[in-house]
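Structural characterization, general
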Amino acid sequence: MTDLQIGMSKRARRTYSLDEIALVPARRTRDANDVNISWQIDAFKFDTPIIGAPMDSVMSPATAIALGKLGGLGVLNLEGLWTRYEDPQPYFDEITALSGDDASAATRRMQEIYAEPIKAELITARLAEIRESGVIVAGSLTPQNTQEFYETVVKAGVDLFVIRGTTVSAQHVSANREPLDLKKFIYELDVPVIVGGVTGYTPAMHLMRTGAAGVLVGLGGGATLTTRRGLGIQAAMATSISDVAAARSDYLDESGGRYVHVIADGSLGRSGDMIKALAMGADAVMVGAPLARAEEAPGKGWYWGNEAHSVDFPRGVRTQLGAVGSLEEVLYGPSAHADGTANIVGALRRALATCGYTDLKSFQRIDVNVTPYVR
């Protein structure tokens, strides 16, 4: 790949966002009813490759259960309001009612609300509620809190454990605290671990070598724009997914056949974004904004990520997306919206069928074009 010269002392690689690529249909089409979009990680199989992001505005115990019964996987944020308050509903009501005219005041109030300590007994209670429904149980912690609470999570009977941060490395160096040894930690756990995010080949390969069952690609939801503004960091998702998919292939050979799942996480606001992420090599997608538009979402059409109330350096903005229908309509339709915000499973099936593919793994081989983005 040819580098571009930025100046006399710096060269750069040209990367591509999902907006800049488009799919190229093959020589045949298929019937959408013949398309299989199921996805399996470890012993757990799902009807769709859709994972609900662990964000308070998206996933509650109730919506995680509902998504599980509709064929996806809901991941509960174990550092959110549900594990800080016995009854978090008044705080959800307050956050959704905060004025949008003064973003700083809204951020300060959210920081105050989230200053309440996480309670281990509430982690246990929320995960038990999901387990009692009969769906697959998944919970998420940031790397900073994993060491303190992971035993509580595992004892509660979690099926899949997610370690999710804006960026997560296998080799975190700190002079002030003992870092989480991911390889040792994952080896000692009894459950599959999904970890991320990463945006490139080398860090992804390092995470795969820790024993992770899946790797999250991207900077997560709700913070991408302000992470670039505040920290100068941004991931071009089409290139990032392709790079990590290459690491998956190389690690498969290196390990003698161990397959690590690539999960796109971030910049997936509509069905077309998810479809292109899968085409670039993702096995599944972790989404926030599309599910935040469901009528049952705890944010009531408002969308915010964990970074939005960070005390040290808040990123992301509380955004009003509005509701487009029930969770079932968001996933399966029927839809009255022509903008990719509803019937996202139907859109995925139609895209595979139109392009001539009957399953997700073969769909990863599709040709793509670089094309100007038109809103």
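Relevant structure appears above.
A short tour of the structure in this document, coming up. (Residues numbered from 1 in each chain as written. Predicted model: local features only at pLDDT ≥ 70, side-chain atom pairs only at ≥ 80, totals over all residues. Heavy atoms only, no water.)

Considering the sheet that holds strand 11 (residues 214-217)
- Sheet architecture is closed into a barrel: eight strands sit in the order 6-7-8-9-10-11-12-13, paired in parallel fashion. Between one strand axis and the next, the sheet turns by 25 degrees as a mean value, whatever way the strands run.
- Pairing of strand 9 (residues 160-164) with strand 10 (residues 193-198), which is carried by four bridges, proceeds in the parallel orientation. Pairing of Arg 164 across the sheet is with Gly 196, part of strand 10.
- Relative to the sheet, helix 7 (residues 201-209) contacts strand 10, strand 11 and strand 12 (261-265), its axis offset from that of strand 10 by approximately 165 degrees.
- Most of the contacts of helix 9 (residues 237-254) go to strand 12, to which it runs at about 165 degrees, and overall it touches strand 10, strand 11 and strand 12. (Pairing = 2+ DSSP bridges. Helix = DSSP H or I, 4+ residues; strand = E, 2+ residues; numbered from the N terminus. Axes fitted to C-alpha atoms, helices over the stretch in contact; angles between N-to-C directions. Contact = heavy atoms within 4.5 Å.)

Brief notes about the pairing of strand 10
- With six of six residues buried, strand 10 is to be regarded as a mostly interior element.
- Strand direction decides the pairing type here: strand 10 and strand 11, joined by four bridges, are parallel. Its bridge partner lying in strand 11, Ile 194 is registered against Gly 214.
- For the crossover from strand 10 across helix 7 to strand 11, the handedness is right-handed. (Buried < 20%, exposed > 50% of the residue type's maximum accessible area, 1.4 Å probe, protein only. Right-handed = clockwise from strand over helix to strand, strands pointing away.)

Examining empty space enclosed by the protein
- For the structure on display, the rule yields four cavities of 30 Å³ or more.
- Estimates place the volume of the largest cavity at around 60 Å³.
- If you go around the largest cavity, the residues you meet are Pro 49, Ile 50, Ser 271, Met 274, Ile 275, Leu 278, Val 285, Ile 344 and Leu 348.
- The set of elements that each furnish at least two residues to the lining of the largest cavity consists of helix 10 (271-279) and helix 13 (344-355).
- Counting residues per element, the lining of the largest cavity draws most heavily on helix 10, which supplies four residues.
- Split into classes, the residues belonging to the lining of the largest cavity amount to eight nonpolar, one polar and no charged. (1 Å grid on protein atoms, 1.4 Å probe; cavity = no way out; pocket = protein on both sides within 12 Å on 5 of 7 lines; lining within 4 Å. Points joined across faces, edges and corners; volume = space filled by probe spheres on them. Nonpolar A, V, L, I, M, F, W, Y, C, P; charged D, E, K, R; others polar.)

Brief notes about the side chain of Asp 283
- The residue Asp 283 is located in the loop between helix 10 and strand 13 (284-287) in this model.
- Only 2.6 Å separates the side chain of Asp 283 from the side chain of Tyr 259, close enough to count as a polar contact.
- Beyond its immediate sequence surroundings of up to four residues, Asp 283 is in contact with Trp 39, Pro 49, Arg 248, Tyr 259, Val 260, His 261, Val 262, Leu 278, Leu 360, Lys 361 and Gln 364. (Polar contact = N/O pair within 3.5 Å; in protein donor to acceptor, adjacent residues only side chain to side chain.)

Observations regarding unusual backbone geometry
- Gly 196 connects to Gly 197 through a cis peptide bond whose omega is 15 degrees.
- Tracing the backbone shows Gly 197 in strand 10.
- The phi dihedral of Ser 267 falls on the positive side, at around 60 degrees, and the residue is not glycine.
- With a phi angle near 55 degrees, Asn 343 is a residue other than glycine that sits in the positive phi range.
- With respect to the helices and strands, Asn 343 occurs in the loop between helix 12 (327-332) and helix 13.

Quick word on the packing of helix 7 against helix 9
- Viewed as axis vectors pointing N to C, helix 7 and helix 9 meet at an angle of 40 degrees, and their least axial separation amounts to 8 Å. Here helix 7 lies oblique to helix 9, going by the angle between them. Taken as a pair, helix 7 and helix 9 cross one another with a handedness that is right-handed. Residue-level inspection shows Tyr 201, Ala 204, Met 205, Met 208 and Arg 209 of helix 7 in contact with helix 9, the latter providing Asp 243, Val 244, Ala 246, Ala 247, Arg 248, Asp 250, Tyr 251 and Glu 254.
- Residues belonging to the contact of helix 7 with helix 9 are distributed by class as follows: eight nonpolar, no polar and five charged. (Parallel < 35°, antiparallel > 145°, perpendicular 65-115°, else oblique. Left-handed = near helix turned anticlockwise from the far one by under 90°.)

Here we look at the pairing of strand 12
- Along strand 12, five of the five residues are buried, which leaves the element largely enclosed by surrounding structure.
- Neither face of strand 12 is exposed, since His 261, Ile 263 and Asp 265 on one face and Val 262 and Ala 264 on the opposite face are all buried.
- Alignment of strand 11 against strand 12, held across four bridges, turns out to be parallel. What sits directly across from Leu 216, in strand 12, is Ile 263.
- In this sheet, strand 13 lies alongside strand 12 in parallel orientation, the contact comprising three bridges. Within strand 13, the residue paired with Asp 265 across the bridge is Met 286.
- Since strand 12 and strand 13 lie parallel, the crossover through helix 10 that links them has a hand, and here it is right-handed.

Some remarks on the pattern of salt bridges
- Tallied over the entire structure, the rule returns 13 salt bridges.
- The shortest N-O distance in the salt bridge between Asp 243 and Arg 13 comes to 2.9 Å. One end of the pair, Asp 243, is in helix 9; the other, Arg 13, is in strand 2 (residues 10-13), and 230 residues separate them in sequence.
- Residue Lys 119 pairs with Glu 116 through a salt bridge whose shortest N-O separation is 2.8 Å.
- Classification of Lys 119 as partly exposed rests on a relative accessible area of 23%.
- One salt-bridge network, in which partners are shared between bridges, spans Glu 94, Arg 109 and Glu 112. (Salt bridge = Lys/Arg side-chain N within 4 Å of Asp/Glu carboxyl O.)

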